[in-house]
Amino acid sequence: MVRLHTLKIDPPLLNSSCAWASDLEQLRELYECPSTGAVTTRTATLDGFEEGPGIGVVFTTDGLSTLNTYGYSPHPLGTYLEWIYALLTAPASPTRPHRKPFILSITSALPAELTTMLTQIQALRSRLRAALARDGAMNGYADAEDDPAALLAVELNTSCPNIPGKPPPSYALHTLAPLLAVLGAFARADLSLALGLKLPPYPDPSAATGIVACLHEFTYTSAGEGPLSPFAFLTCTNTLGSSLLFASQVQSEFEPTSPTAALAPALPPGLGGLGGALIHPLALGTVFALSRALAAHPSAAVRNVGIIGVGGVLDAPGARRMRAAGATAVACATALGARGVGVFAEIRPGVEG
């Protein structure tokens, strides 16, 4: 078990925000899986994201990497809030004798809109606290001594590479800072709120120092608590944008009929976000650079920020590498899309050994 502020993840293995965590049944299957310690939703916007034509995902011929052109979830934030409430207040089951937390992935480029979203999330956390505290062992669970509101954490996605005309804020810190200010205000108002950021791959290791310095700007002091960071964790990495795969490189029911067809883009828009084995070394490097920058910071509040390592974790050895690079917990998406929730049982020894 690992703890990221009030967020407990046991085992320290979960899915990352992705297309395979979009709807209620997908979330239910992840929640029921005995080898996930938490569940992350697909990234929600306030009113739902309108997906354009040609949106999709392809797997490389070896099944180990993906290219996707997905943006955010078409389901609005309110839908995810109701789904999470229903799952967390459902009776226990033989495969799930304890509740596990949700990390609600959200995004907005507008501080006022982000404020609205966090206000709605806080309302749900209050509902959970009221509903689950009424009966100490409600619905057969044995973990009623914990704060029910801690079952819902928030991850701000600042790194999606597939939104035309909107570069990821994590590559431009002057656009990121106003959003972090909103998160900071909510964290100061509610010390039980666990907040995180989803970051992109950083080919330049000095970017890690810049991100950590930016986080430090929002450190605050609370009476009797000493210096605190609003941020409990960093999830890294997202997919690598501006990537291209050709038809001959991906799985397809149709073989290219000519050299020209083989060199057609695998997805109609052409460029997309690369995930899986092809970005594993870069993801490890980003986690390594961030973990070193956090550990070297003079502020204990910043040093306490954890990392959820993502990127090409396909098996237990991959999880061990991610932990060795500095990840507190490990998540995956491509392996989930390729092999379903059963893959977590295969990966689990890598986070528990």
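Before any of the text, the structure's been laid out above.
Read on for an overview of the structure. Fair warning: this is a prediction, and the values are worked out from it, not measured in the lab.

Rules behind the numbers
Residues numbered from 1 in each chain as written. Predicted model: local features only at pLDDT ≥ 70, side-chain atom pairs only at ≥ 80, totals over all residues. Heavy atoms only, no water. Phe/Tyr/Trp six-rings, centres within 6.5 Å; stacked < 30°, edge-to-face > 60°. Helix = DSSP H or I, 4+ residues; strand = E, 2+ residues; numbered from the N terminus. Buried < 20%, exposed > 50% of the residue type's maximum accessible area, 1.4 Å probe, protein only. Lys NZ or Arg CZ within 6 Å of the ring centre and 35° of its normal. Axes fitted to C-alpha atoms, helices over the stretch in contact; angles between N-to-C directions. Parallel < 35°, antiparallel > 145°, perpendicular 65-115°, else oblique. Left-handed = near helix turned anticlockwise from the far one by under 90°. Contact = heavy atoms within 4.5 Å. Nonpolar A, V, L, I, M, F, W, Y, C, P; charged D, E, K, R; others polar. Salt bridge = Lys/Arg side-chain N within 4 Å of Asp/Glu carboxyl O. Pairing = 2+ DSSP bridges.

1. A look at the packing of aromatic side chains
- Counting across every chain of the model gives six aromatic pairs.
- Between tyrosine 80 and tryptophan 83 the ring centres are 5.3 Å apart and the planes differ by 80 degrees, which places this aromatic pair in the edge-to-face class. With a gap of three residues between them, tyrosine 80 and tryptophan 83 both fall in helix α2 (residues 77–88), about one helical turn apart. As far as the burial class goes, tyrosine 80 and tryptophan 83 line up, both buried.
- A ring pair is formed by phenylalanine 218 and phenylalanine 231, whose centres lie 6.4 Å apart and whose planes are at 85 degrees; its orientation type is edge-to-face. With phenylalanine 218 in the loop between α5 (206–216) and β10 (220–222) and phenylalanine 231 in the loop between β11 (226–228) and β12 (233–236), the pair connects residues that are 13 residues apart, well separated along the chain. Each member of the pair, phenylalanine 218 together with phenylalanine 231, is buried.
- Arginine 42 extends its terminal NZ or CZ atom over the ring of tyrosine 70, reaching a point 5.1 Å from the ring centre.
- It is arginine 127 that lies over the ring of tyrosine 85; its NZ or CZ is 3.9 Å from the centre.

2. Some details on the packing of helix α3 (residues 111–133) against helix α4 (residues 173–189)
- Where α3 contacts α4, the two axes come as close as 9 Å, and the packing angle between them is 30 degrees. Between α3 and α4, the crossing angle belongs to the class labelled roughly parallel. Remark: the crossing between α3 and α4 carries right-handed chirality. Residues Pro111, Leu114, Thr115, Leu118, Thr119 and Gln122 of α3 touch α4, and the partners they reach there are Pro178, Leu179, Val182, Leu183 and Phe186.
- Tallied by class, the residues present in the contact of α3 with α4 amount to eight nonpolar, three polar and no charged.

3. As for the pattern of salt bridges
- For the structure on display, the rule yields eight salt bridges.
- Between arginine 127 and glutamate 82 there is a salt bridge, with the nearest N and O atoms lying 3.1 Å from each other. Highlighted residues: arginine 127 in helix α3 and glutamate 82 in helix α2, separated in sequence by 45 residues.
- For arginine 127, a relative accessible area of 35% corresponds to the partly exposed category.
- For glutamate 82, a relative accessible area of 42% gives the class partly exposed.

4. With respect to the environment of leucine 176
- Counting through the fold element by element, leucine 176 comes out in helix α4.
- With relative accessibility at 1%, the residue leucine 176 sits in the buried group.
- Spatially, the C-alpha atom of leucine 176 lies 35 Å from that of glutamate 32, the residues being 144 residues apart in sequence.
- Not counting residues up to four positions away in its chain, the partners in contact with leucine 176 are Thr158, Pro169, Ser170 and Ile211.

5. Re the sheet that holds strand β14 (residues 272–276)
- Overall, antiparallel pairing links the four strands, which are arranged β5-β6-β14-β13 in an open sheet. Two strands close off the open sheet at either side, each with one partner strand: β5 (57–59) and β13 (240–243). Ignoring which end each strand starts from, the neighbouring axes of this sheet average 30 degrees apart.
- The pairing of strand β6 (residues 65–68) with β14 spans four bridges and is antiparallel.

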